[in-house]
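# Close look at the chain arrangement
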Amino acid sequence: MIKQLLYIFLGITLVMTISCKKFVEIEPEGYIRDGQTFKTADDAVTAIYGLYGLMQPLIDQIYLAGEVQGDLVVAGRGADSYISEIAQNRVTPNNPYTDYTKFYRLVIACNNAIAGLKQINRLDPVNYGNDRLNQNIAEVLYIRAWTYLQLVKIWEDVPFITDNITSVEQIKDIAPSKSNVILGKIIKDAEDGAPFMLPLSSNSVDLKVKRSQMNPDASRCLLAELYLYAGSYVNAWETIRNLAPYTYSNLLFKMTQNAGGESGTPLFAQYPNVFTATNNSQLFSSYWAFFIDFDGSKGQKNSLLKWTNNKNGGIYAIKPSPNIIKAFETTPMIKMVFQNTSAGYYIDLTKNGSNINPVLQADGYPVIGGYGDYVRGPGVAYQPDGQDTLIFKFLLKTRGVSKNPYDNDPNSNDDAMFPIYRDGPVYLMACEILNNIGLSQQALQIMNGAYGSDFTQGTRYRVRVAPLKLDPASTESKIKQVDRLILEEKALEASFEGMRWFDLVRFAKRYNDPSMIANAVAKKYPVSQQSAIITRLTNKNYWSFPYFQRNVDVNKLLPQKPGY
Amino acid sequence: MKMKYRYTCVLAMMLLACYSLDAQLIKIKGTVTDFLTSKGISQTNISVKGLAMISTESSGNGTFTIEVPSVYSVLIISYPGYQTKEFPLYGKTSVAVQLVQEGIDVGESTVRLPYYSINQKDLNGSYTVINPGYDKTIQYRDIYQMLQGKVPGLEINSYSGVPGEGSKINLGGARSLYTTNEPLLVVDGLPVNNLVFDQSVVRGNIYNYLGDINVKDIESITVLRDAAAAGIYGSRAANGVIVITTKGGTHGKTFLDVSVQQGITLRQKSLPVMDASQYLPYLSEKINRQGIDQQTRNQQFPFFTNTDKTNSLYWTYANNTDWQKQVTRNAFSKNYYVNLRGGDATSKYSFNVGFDDADGVGKGINASQFTSRFNLEFRINPKFSAGTNISFSRTLKALMDQGYEERVNPLYLSLVKSPITAPYQKSDGGLDREFFAQPTFDRLSNPLAVTQAVSNDVTNYWLLGNIYAQYDFNNSLKTRIRIGLDRRGLQEDRFTPSNGVVPVNYDLRYNRTSEEQLINQRYLTLEHTITYEKQLNNQNRILAFGGYNFEIARYALNYGYSIGSPSDEFKGLGDGKRLVTKGINEKYNNRSAFANIDYAFREKLFVKGGIRLEQSSKFGENANSGLKINNVPVAVLPYMGLTWRVVGGAAENHSFVDAVDVHTSWGITANQDIPVNARYSLYESKFYTNRPGIVPSSVGNNSIKWETNKSYNAGLNMTFLNKLIGLRFDYFNVVTSDLLVPKAVDGMNGASYYWYNSGKIRNNRIEMGLNTLGHAGNFIWKVDLNIAKNTNKIISLPQGLPIIDGAYGYSSISMQGKPAGLFYGYKGLRVFSTDAQAAASGLMTDKGVPYVAGDYQFQDLKTDGVINESDRQIIGDPNPDFFGGINSSLSYKNFDLDATFSYSVGNEVMNVLRSKLETGAGYENQSIVVLNRWVTNGDKTNIPNTRFADVAGNRRPSSFYVEDGSYFKMRSLTLTYNIKKRISFMRSAQVYFSGYNLFTISKYLGWDPEVAVGQNVFTRGYDFGNYPLAKTFMAGLRIGL
């Protein structure tokens, strides 16, 4: 019996010690363990696609910070308390939209990817050589730079982290860096990566794919924007001028020379407002240098359609402010030669032939032919619907197709594409850059545009809106005056696209003039509340979001911003 | 260290083994008498424990002689209708044995536990044994009823009155914030995990598998309450253990029992809501406040102007429907049960089949359950035996949404659906047509259509079985191998139709939705044990066992959601447009080794010690543990117990005091219910449009480990007057440390939290129990009372930060120095009486809307003029101050009357349902208290105005809806008539009548203060308006052949 006992205990001992480790080490299902990825060239592709996947959830916050705080939007009847706070410029640190975690999830994923891509290059140099490594790293650097730019725009000073984090031991607390320091670093990253961005092919399918990823055009736009934020206007112009439609070798020269009489392809003739594109292929061909694409059927969603709609799942959380609707309705239009409608204006959207020539006054300024920017306004930027006014930009995927509850893809409720760099706003960015390097007149000219096949059409002329003029009585510098006009035009051209608040902040900072933002935003409030809002927004502390209180609570190096 | 221990153990075993086997047989004389009447009992079976070959029967006056191998043998005396008794000889050759009738608990019955059988009084530790008696289990309705009110410190709260849904069980307070607080269930030696499934696609429903065990199969339930008792189950024993032993067979005789029960459950009392005459003025006021124009008004609410009776529109709205009546019913239930047991000298078997079918009081709700169980034990040769316990159950349920869900929840809809509408479309004459009335101005589904057309079908299969083989080296030393399988499959199909039902978000594209959920769960265990049990001499008795086991667990969930099928007839997942599919696969492995020694000295001093060593694939490699084997961390979980029998013992007899035991125990148990992948840093798949990508999904904590419970227990048990009075007192101090919590990190790390072990909770519990037994002539009465007070306190949390969590828009908070899971919300002050008052407060809502007269005023904690989340505070405590139960029974001749009561004092309830019935946002019907609402400036009332869309947030979670949920309930009352007269073909028979939930005494304003929303600490005490427990009456007949 003792023998039997011994056998039993020997058995136990064997089982407990020898079979050991494997039994209590289990590969998770449905996930890949860190360390099991970044091994092959294919892993590089999926890792980079994943980064774009992490861009998608950022849109909601970018939109709330960039648009809803601004003067073009107010809270609708379906706004919850968090959206209301933002729309009413009284955001609190408990507001979950002030949490930057999702942005850093992308930053950390970029950091991990950079380390991982280098690892693939080490493990498999044959299939994944240095060229591919450099291209991919450049793409990741641009994605990270874009993410940090959003962080700086929304929160201003934020922690800057370039380390990868793959285990809890690497988790740390970091103090926020100054926004200009961050800008300097990401500009350096972007400059380093610029040579490795491969040009786009002309294949339209490829274009659709490439333009929803970081491509050379997008990277130029981004780098130019970074320079703009850093105040390096000459660098910014040198970057943006290489981008179509600025690719005339001596465009800068021509601009300074008064471009009249120049012959050649009309630069903006084929760049109608993207939101008026008549079909999908136009939409995707060349007007959007970079957009974030969504596929609701794969759970990729943003809240833009939901927030701006009032039925079919829409909650009508935000709506156009009365002042922007008034601006659209009162914009003076150019009278055309063959203007023959009772509405008092006529726009030929085919934009060919000479029958669209404007009627000019003796001084060359066009005759005003009625009021109302009806190309970019109702039906495109906004749409009245019963008692409500919907923000319409995300509610149509192609022009003229209203949302039909029976026809639509159920996923289309929350998978609107989001433009990052669209022709109109990029064009106005170029004007802003040009103006700030001192070429105000030229900036004004390319914004206003002109008729004919031999001149740019500008964002204004292409929709037949009368040109903006400087006020001869103004005592402000010409540059500041033109910047104000650019802001005025951008409200019409880029309304509700998630950038208004950022523009107001950038201009106000440039001139150290809080009234540029405070007075503008106050206009969306009832008169009784305007002075309170002006007082609040005169304080620069309120130009960026507070840090989310939970982050402040756990990071001793992250003090809450003053005023919150 | 572990190795060393193991060899010491081997040595000890070998030494002990030398004592075994005594060839000479000794003759023992004895008598068997009835405990109450002291009369001799004939034909009792007397055998020797561990030696099935030796047995005898007592003679007519109860005397017997038997030859045993040792004067320290243990006799087993059994007789139908009496509790089987294990009687240690303690060296005596002449003995007097008292047998106690079943159903009378004097604390001396034999309990079959997974590793050994023992006389209840010799259990060293804090145990509660429920040994209802073979015949009595048949009249129980479910396992909860058997436990209810009987175990000190055990809280049992029904999830709802839906049949088959089960109850929340808690033993010893909230010990964990994010892992399970359920006790471990052990059925016939097999641990059963993940008892509660609360992710049902049927909103507000929960599945507790415990309810799938047929209560009629149960021989005994033993609740292991302290570390000394539960410690052998190690990392699953943190919340105590409930050991269920099912009925086995018999040697020799064959018994067949058949029982039939029929019952009726009465619809619950209606909550008072407005009728048509009260609703119309209310609605009118609401519309006025909404400020819509006259034209829209006429269009949307034609009944205010259209009084032409020839118009069918008139009849559509000229109703006064009692919707609560429409969706409820008096529900019938039936239950059938057959039990066959028998055996011969070498084998015992028991075969049970049960069928239960119960309708819910809510129309459309039904649960039907088939259970079967086969237990077999057989001896192959004198040394080798084997056996199996296999149970299979199949449950089919038709359910309805309940609780927080509003769109297709018939009970909720029946309260808020406008009474002026009718269930069916009306003809011009006002007569019902066959079609359901469609949702109209109130945008609420037709409750009757919901009960008839929404389908929620749940099918569950559960196979729980084990086979074992045992080898007896000799009378004292045995080894056993057991293989167990717990295999569960749950399928849920849900369909919401278009007819009579509003679509999701009123979005027409979602007007037909199908959901399907499939769950497969598999636990495979292998366990090998060795047991040594011996009365060494008249001073020393020893019981030692040890072993090891392996556990392989797999879990798979698949879920699909589709919308827009072509018609209400197409209900399948494949009939609509696929929207969501997802799957979860989880697996983990465990292995453990354990050992336990119980030593008794002169039956006065009982010492126990044990240890369990556990490894799991869930534990991180760097987990901080005292022991590592092959670099794999091991949870070392020791325990010990000490009982001193101050009075009583082997050979003592006392007139007044029978026995006084003091016991104490200390031990470490653990909770290993941690996320299976928390230790790993993971990448997950993430598509960008249709481009496949991978992204980091979680940061792994390779130090993740079990939660540790250090528990200390001290207690006193006393019995007086020949065991007629028993008094128990227990004190527990349990400190849970290494709490599994999401540790918040700055989001700049790319994540907002990771799973982490930090923080401590302490539970102090005092329990008292009193049981009395009396008899006079033919009367036998018994009363058991128990009371428990649990004090829960969070000692520390990571970074000292409070944790706020919850569900469905309601939050509870856990913070240092306070009990876990307190209601967290707004403190209500009053209803603004005048606009001036509201303006003077200077307050506005978090949506920027200024308050007006008739709105609730909430405390502006942060004094910033805005009522927002910063103003939330603790507004209530769902933990009871004390709770307990009362059981009483009375027998007179052939009649038995049993009653069970339970009570809870000081628990607060957040009455969410009331908030919905008093501050309707749209055109819902409301409680009649809304008749006292604020109407004009100057009104002083505590019911707010009728502001449309609740713009002022009057319905937000506030102290206005926190109520005292103290209650005293009669759980059950059963009158039994035992037909004892022998009828030729019948052994015995019983007729019984039961009533359940006959009354509740409570000040609570809702249906039932006994609310339980899931197991989560952060959702306790919320009443979302589930189906309440309702009065049930049942009649039953049992015939034994």
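Since we're looking at a predicted model, the values are computed, not measured.

## Structural notes on the overall build of chain A
- Helix and strand content of chain A: 23 helices and 11 strands.
- Across the 564 residues of chain A, 58% fall into the buried class.
- Here the analysis covers contacts within chain A between residues at least 6 apart in sequence; of these, 70% occur between residues at least 24 apart.
- Of the roughly 21600 Å² of accessible surface on chain A, a fraction of 53% belongs to carbon and sulfur atoms.

## Quick look at the overall build of chain B
- A count of helical and extended segments in chain B gives 11 helices and 58 strands.
- Taking 31 Å as the expected radius of gyration for a compact globule of 1041 residues, we find that chain B reaches 31 Å, a close match to that expectation.
- Across chain B, contacts joining residues at least 24 apart in sequence account for 70% of those joining residues at least 6 apart.

## Concerning the nonpolar core
- Counting residues in each nonpolar core, the largest one holds 149 residues, and the members touching the most others are W146, M214 and L226 of chain A.
- Here this core gets 15 residues from one element, more than from any other, and that element is helix α7 (residues 130–155) of chain A.
- Of all hydrophobic cores here, the second largest spans 68 residues; its members include I221, Y412, V416 and L490 of chain B.

## Describing the confidence of the model for chain B
Residues and elements named next belong to chain B.
- A residue-level look at chain B finds 97% of positions with pLDDT of 70 or above and a mean pLDDT of 90.
- Of the regions scoring below 50 in pLDDT, residues 1–22 engages in 31 contacts with residues more than four places distant in sequence or in other chains.
- In the predicted assembly, ipTM is 0.89 and pTM is 0.91.

## As for the sheet that holds strand β50 (residues 873–876) of chain B
Residues and elements named next belong to chain B.
- Strand order in this open sheet of 4 strands is β43-β44-β45-β50, and the pairing throughout is antiparallel. In this open sheet, the two edge strands, each paired with only one partner strand, are β43 (803–807) and β50. In this sheet, adjacent strand axes meet at a mean angle of 45° when their direction is disregarded.

## Quick notes on the packing of aromatic side chains
- Under the criterion given, the structure shown has 63 aromatic pairs over all chains.
- Aromatic side chains Y279 of chain B and Y282 of chain B sit 6.3 Å apart centroid to centroid with 40° between the ring planes, which places their arrangement in the tilted category. Remark: Y282 of chain B and Y279 of chain B occur in helix α4 (residues 276–290); sequence separation between them is 3 residues, near one turn of the helix.
- When its relative accessible area of 0% is taken as the criterion, Y279 of chain B is described as buried.
- Both rings, one in F895 of chain B and one in Y977 of chain B, keep their centres 4.9 Å apart while their planes meet at 50°; by these two values the pair is tilted. Note that F895 of chain B is positioned in strand β52 (residues 895–905) and Y977 of chain B in strand β55 (residues 967–979), a separation of 82 residues in sequence.
- Y977 of chain B gets classed as partly exposed once you look at its relative accessible area, which sits at 33%.
- Through successive ring pairs, a cluster of aromatic residues spans Y100, F103, Y104, Y148, W155, F160, F545 and Y547 of chain A.

## Side note on helix α8 (residues 179–193) of chain A
Residues and elements named next belong to chain A.
- Given a rise of 1.5 Å per residue, 15 residues ought to cover 21 Å, and the 21 Å separating the end C-alpha atoms of α8 matches this to within 8%.
- Listed as buried for α8 are S179, I182, L183, I186, I187, D189, A190 and G193. Along the long axis of α8, the arc covered by the buried residues comes to 160°, so they all point the same way.
- Contacts from the buried residues of α8 go to α7, β3 (158–159), β4 (176–177) and α10 (216–230).

## Quick notes on the confidence of the model for chain A
Residues and elements named next belong to chain A.
- Looking at chain A, the pLDDT average stands at 82 and 78% of residues meet or exceed 70.
- Low pLDDT, under 50, characterises residues 246–286; the stretch is placed with 90 contacts to residues that sit more than four places away or in other chains.
- Contacts for the low-pLDDT stretch residues 343–355, under 50 throughout, to residues beyond four places or in other chains number 23 contacts.

## So, the interface of chain B and chain A
- Residue-level contacts link 88 residues of chain B with 92 residues of chain A.
- Where chain B abuts chain A, roughly 7800 Å² becomes buried across the two surfaces, and 62% of that area is made up of carbon and sulfur atoms.
- Linking chain B with chain A are 3 salt bridges, by the criterion used here.
- Salt-bridge contacts for E684 of chain B lead to R105 of chain A; the nearest nitrogen and oxygen are separated by 3.2 Å.
- Linking chain B with chain A are 30 residue pairs in polar contact (both at pLDDT 80 or more).
- When residues in the side of chain B that touches chain A are grouped by element, the largest group, 10 residues, is from strand β30 (residues 577–601) of chain B.

## A word on the pairing of β43 of chain B
All names here are of chain B.
- Sheet analysis places β43 next to strand β44 (residues 810–814), joined by 5 bridges and oriented antiparallel. When the sheet's bridge partners are listed, G806 is paired in β44 with S811.
- A loop of 2 residues connects β43 with β44, the two strands running antiparallel in sequence, and Y808 in this loop sits at a positive phi of about 55°.

## Overview of the sheet that holds strand β7 (residues 94–99) of chain B
All names here are of chain B.
- Strands sit in the order β4-β1-β7 across an open sheet of 3 strands; the sheet is mixed. Looking at which strands have only one partner, the edges of the open sheet turn out to be β4 (63–68) and β7. With direction set aside, neighbouring strand axes in the sheet form an average angle of 30°.
- Bridge count between strand β1 (residues 26–34) and β4: 6 bridges; the pairing is antiparallel. Looking at the pairing, T31 lines up with T63 of β4.

## Here's the deal with the side chain of S681 of chain B
- Note that S681 of chain B resides in the loop between β34 (657–671) and β35 (682–688).
- Within the structure, S681 of chain B has its side chain in polar contact with the backbone oxygen of T166 of chain A (distance 2.3 Å).
- The contacts of S681 of chain B, once residues within four sequence positions are left out, are I32, R33, D34, T166 and S167 of chain A together with S698, V699 and G700 of chain B.

## Looking at the pattern of salt bridges
- Within the structure shown, the criterion is met by 67 salt bridges over all chains.
- We note a salt bridge from K188 of chain A to D192 of chain A, for which the minimum N-O separation is 3.0 Å. Within this pair, K188 of chain A and its partner D192 of chain A are both found in helix α8, separated by 4 residues, close to a single helical turn.
- Taking the shortest distance from any N to any O, the salt bridge between R645 of chain B and D661 of chain B comes out at 3.0 Å. Of this pair, R645 of chain B sits in strand β33 (residues 632–647) while D661 of chain B sits in strand β34, and the two are 16 residues apart along the sequence. Here R645 of chain B matches D661 of chain B in class, with each residue buried.
- Where salt bridges share partners, they join D373, R376, K393, R422, R460, E489, E493 and E497 of chain A into one cluster.

## Brief notes about the state of the cysteines
All names here are of chain A.
- Applying the stated criterion to the full structure yields 0 disulfides over all chains.
- With no disulfide of its own, C110 lies closest to C221 among cysteine sulfurs, the gap being 19 Å.
- With relative accessibility at 0%, the residue C110 sits in the buried group.
- Summary of cysteine pairing: C431 is not part of a disulfide, and the nearest cysteine sulfur, belonging to C221, is at 13 Å.

## Re the packing of helix α20 (residues 500–510) of chain A against helix α21 (residues 515–522) of chain A
Residue and element names in this part refer to chain A.
- It is at 8 Å that the axes of α20 and α21 come closest, and there the two elements cross at 145°. Where α20 approaches α21, its residues W501, L504, V505, F507 and A508 are matched on the opposing element by M516, I517, A520 and V521.
- Broken down by class, the residue content of the contact of α20 with α21 amounts to 9 nonpolar, no polar and no charged.

## Section: unusual backbone geometry
All names here are of chain A.
- In this structure, F38 takes a positive phi of about 55° despite not being glycine.
- Take F38: it is sitting in the loop between β1 (32–33) and α3 (41–55).
- With relative accessibility at 6%, the residue F38 sits in the buried group.

About the thresholds
- Residues numbered from 1 in each chain as written.
- Chains lettered and ligands numbered in written order.
- Predicted model: local features only at pLDDT ≥ 70, side-chain atom pairs only at ≥ 80, totals over all residues.
- Heavy atoms only, no water.
- Helix = DSSP H or I, 4+ residues; strand = E, 2+ residues; numbered from the N terminus.
- Buried < 20%, exposed > 50% of the residue type's maximum accessible area, 1.4 Å probe, protein only.
- Contact = heavy atoms within 4.5 Å.
- Areas by Shrake-Rupley, 256 points an atom, 1.4 Å probe, with all protein chains shown as cover.
- Rg over C-alpha atoms; globule rule 2.2 N^0.38 Å.
- Core = buried A, V, L, I, M, F, W, Y, C linked by side-chain atoms within 4.5 Å.
- pLDDT = per-residue confidence, 0-100.
- Pairing = 2+ DSSP bridges.
- Axes fitted to C-alpha atoms, helices over the stretch in contact; angles between N-to-C directions.
- Phe/Tyr/Trp six-rings, centres within 6.5 Å; stacked < 30°, edge-to-face > 60°.
- Expected span 1.5 Å × (residues − 1).
- Arc of directions from axis to C-beta.
- Buried area = accessible area lost by both parts, 1.4 Å probe.
- Salt bridge = Lys/Arg side-chain N within 4 Å of Asp/Glu carboxyl O.
- Polar contact = N/O pair within 3.5 Å; in protein donor to acceptor, adjacent residues only side chain to side chain.
- Disulfide = S-S within 2.5 Å.
- Nonpolar A, V, L, I, M, F, W, Y, C, P; charged D, E, K, R; others polar.

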